[in-house]
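Chains, contacts and geometry: an overview
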Amino acid sequence: MLYLLLFLFGESLAMDSLKIGNAMNIFGRYGFMGVSMKVVGRPQPWVFREPSVDVFEIMEDDIISYTDKDGAIFNGDFHMEFCDDVTQLLEAYFREFRIEHAKEPWKAFAASWSDEAIAKNFGLNTSYIAHDYCYVLVRLSRNKESKKLSDDAASNLKPLEHIKHSSDDVEYGNAASVGNFVKKFGSHYIMSYTTGDSLYQVIVYHPPVYHRLKKKLRKTGITSLRKVELQAFFSPWYADHVGQILSSSGNSTIAEWAKSALRSRSFMFPYSSLLKLYGNEKLLRELDKKLENGALLSLELKTLTPLFNDQTKKQWFVEVISNVIELWESNMRLSY
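Residues numbered from 1 in each chain as written. Predicted model: local features only at pLDDT ≥ 70, side-chain atom pairs only at ≥ 80, totals over all residues. Heavy atoms only, no water.

1. So, the overall build of the chain
On a plain count of helices and strands, the chain comes out with 11 helices and 11 strands. Relative to a compact globule of 336 residues, whose C-alpha radius of gyration would be 20 Å, the chain shows 22 Å and is just as compact. C-alpha extents for the chain along the principal axes are approximately 70 × 45 × 35 Å. Among the 336 residues that make up the chain, the fraction classed as buried is 51%. Counted over contacts in the chain with a minimum sequence separation of 6, partners at least 24 positions apart contribute 81%. Summing over all exposed atoms, the chain offers an accessible surface of approximately 16,600 Å²; the carbon and sulfur share of this is 50%. Averaging the coordinates of the 40 positive side-chain charges in the chain and doing the same for the 41 negative ones gives two points 8 Å apart. (Helix = DSSP H or I, 4+ residues; strand = E, 2+ residues; numbered from the N terminus. Rg over C-alpha atoms; globule rule 2.2 N^0.38 Å. Buried < 20%, exposed > 50% of the residue type's maximum accessible area, 1.4 Å probe, protein only. Contact = heavy atoms within 4.5 Å. Areas by Shrake-Rupley, 256 points an atom, 1.4 Å probe, with all protein chains shown as cover. Lys, Arg positive; Asp, Glu negative; His and termini not counted. Charge placed at Lys NZ, Arg CZ, Asp CG, Glu CD.)

Next up, the structure:
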C-alpha cells in the first residue's frame, strides 16, 4: 500500500522557498522531511530546501511578521517536558510543528529515524533509546524571525491567475486524480513559521526516579526549586545519563561554548548542564551573541482547500489527504 501511495503522491515540485502561502507536497518525503528542513543540528548552510511553489495572491500586508532586533533583551525562553518514552520525546521535540489532518505530525519529520539517528540527534548513547527509560527534554529557544498569514487573509485566499482552474481535473471518487493534483500543486501550504536557534538537552532516567521527580514538579513547579535542588535533580546524581547539549542549527561554535561554559560537577561526575543558564544573565548575554538565524523552530501547514471552489471536490480532496496521512502514520510506528 505504501508503494502505491508513494507512486500516487510522491513526486515533488520544482522550486524551494520558505515563504508564507507557498505550497508543498508533504508526501514527497513523508517520514524524511527533516532531510530538507533544518530541524536538528546539521552543518548545512541552509534552513529550508523543501520544494514549494507560489499558488496564492498574497500581499505583504496579509502577513504578520516579527524580526528580532539587535539589542533586544534575551531572558532565556526555557521549556521543559517530561517524556514517558521515546515516542513522547519525539512528540515533545516537534511540538511546534503542525500539519493539518495529521494526528502525529512528528512522524512526517522523524518516523524514518533509526535508533542510532535518534540517539545522535538527541545527544545520547544508543543504549538509552529503549523502553526501559524515561526522558526530560530541556530546551532554550531564541526566535529570530516569525511570519504568519493573518486569519483574515487565510479565510480569503485567492489562487494566482494561471492556476485558477488547477482543481478542474480532480474527480470525485477518483483518488488518483487527487494524487495527480498533489504532484503538480502540492498538498499543503505554509501558514506560519519561525526560524532562529535553540539549545536542547535530554536527560535520561529509570522510571521510578523519573515518576517521583515528575510528581514533585507537577505539584510545586520548577520555580519553587532551590538552585541546589535544580542542579541535583537534573544531574548524574539522580539521572542515569545526561545527554550532550546540542544546537538546532548545528553551530559548532555554540556547542563548544556550551561544553565549557555550562560545565558542572556532581561529586566525581563532570557534565554539562543547560539549566546552568537558568536565571544567569551573564551567561545568557554571552549565548545571545552566538545564536543566529540558523534553524527552523516551528512550522504550520494547512491543506490546499482554498484552490477548490467546488465543495464536493474540496471534501473529496480533504478525505483523500486525511486517509493518506492516516495510512502513513499507522505504517510508521516505532517499537517503543
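2. Describing the nonpolar core
In a soluble, globular protein the nonpolar side chains are often hidden away together inside. Counting residues in hydrophobic clusters, the biggest one holds 72 residues, and the most contacted among them are Phe109 and Phe122. Not counting the four nearest positions on each side in its chain, phenylalanine 122 is found in contact with Leu89, Leu90, Tyr93, Trp113, Tyr200, Val202, Gln244 and Leu246. Judged by nonpolar contacts, the second largest core, of 33 residues, contains Ile203, Leu225, Ile254 and Leu277. (Core = buried A, V, L, I, M, F, W, Y, C linked by side-chain atoms within 4.5 Å.)

3. Considerations on the pairing of strand S6 (residues 188-205)
Across a regular strand the side chains alternate sides, sitting on one face of the sheet and then on the other. Where burial is concerned, most of S6 is hidden: 18 out of the 18 residues are buried. As paired elements, strand S1 (residues 23-24) and S6 share two bridges and run antiparallel to each other. Opposite alanine 23, over in S6, you have tyrosine 189 as the bridge partner. Bridge analysis of strand S5 (residues 134-149) against S6 gives 14 bridges, and the strand direction is antiparallel. Within S6, the residue paired with arginine 139 across the bridge is tyrosine 200. For S6 and strand S11 (residues 295-303), the ladder comprises eight bridges, and the chain directions are antiparallel. For tyrosine 189, the partnering residue across the bridge sits in S11 and is lysine 302. Looking at chain direction, S6 and strand S8 (residues 246-247) are connected through two bridges and run antiparallel. Its bridge partner being in S8, leucine 199 is matched across the sheet by serine 247. When S6 meets strand S7 (residues 241-242), the two strands line up antiparallel, connected through two bridges. Opposite isoleucine 203, over in S7, you have valine 242 as the bridge partner. (Pairing = 2+ DSSP bridges.)

4. Section: the side chain of histidine 241
Tracing the backbone through its elements, the reader meets histidine 241 in strand S7. When sequence neighbours within four positions are dropped, the list of residues in contact with histidine 241 reads Gly123, Leu124, Asn125, Tyr128, Val202, Ile203 and Val204.

5. Here's the deal with the state of the cysteines
Applying the stated criterion across every chain yields a total of zero disulfides. Here cysteine 83 is not cross-linked by a disulfide; its sulfur's nearest cysteine counterpart is in cysteine 134, at 9.3 Å. Since its relative accessible area comes to 1%, cysteine 83 is described here as buried. (Disulfide = S-S within 2.5 Å.)

6. A look at unusual backbone geometry
Of note, the phi angle at histidine 101 is positive, near 75°, even though the residue is not glycine. Turning to its location among the elements, histidine 101 is positioned in the loop between strand S4 (97-99) and helix H3 (106-110). Overall, histidine 101 belongs to the partly exposed group, its relative accessible area being 35%.

7. Details of the pattern of salt bridges
Two side chains with opposite charge may pair up if their charged atoms get near one another. Per the stated rule, a full pass over the model turns up 12 salt bridges. When the shortest N-O distance is used, the salt bridge between glutamate 104 and lysine 107 registers 3.2 Å. Residue classification places glutamate 104 among the buried positions, given a relative accessible area of 18%. Residue lysine 148 is joined to aspartate 151 by a salt bridge in which the shortest nitrogen-to-oxygen separation is 3.2 Å. In this structure lysine 148 comes out as partly exposed when scored by relative accessible area, which is 30%. What makes aspartate 151 exposed here is its relative accessible area of 56%. (Salt bridge = Lys/Arg side-chain N within 4 Å of Asp/Glu carboxyl O.)

8. Structural notes on helix H6 (residues 175-185)
An α-helix turns once every 3.6 residues. As a result, residues three or four positions apart point the same way. Within the sequence span of H6, burial applies to Ser177, Val178, Gly179, Phe181, Val182 and Phe185. Capping the start of H6 is the job of one residue whose side-chain oxygen sits 3.0 Å from the backbone nitrogen of alanine 176: asparagine 174. Glycine 186 sits one or two positions beyond H6 and adopts a positive phi of about 105°. (Polar contact = N/O pair within 3.5 Å; in protein donor to acceptor, adjacent residues only side chain to side chain.)

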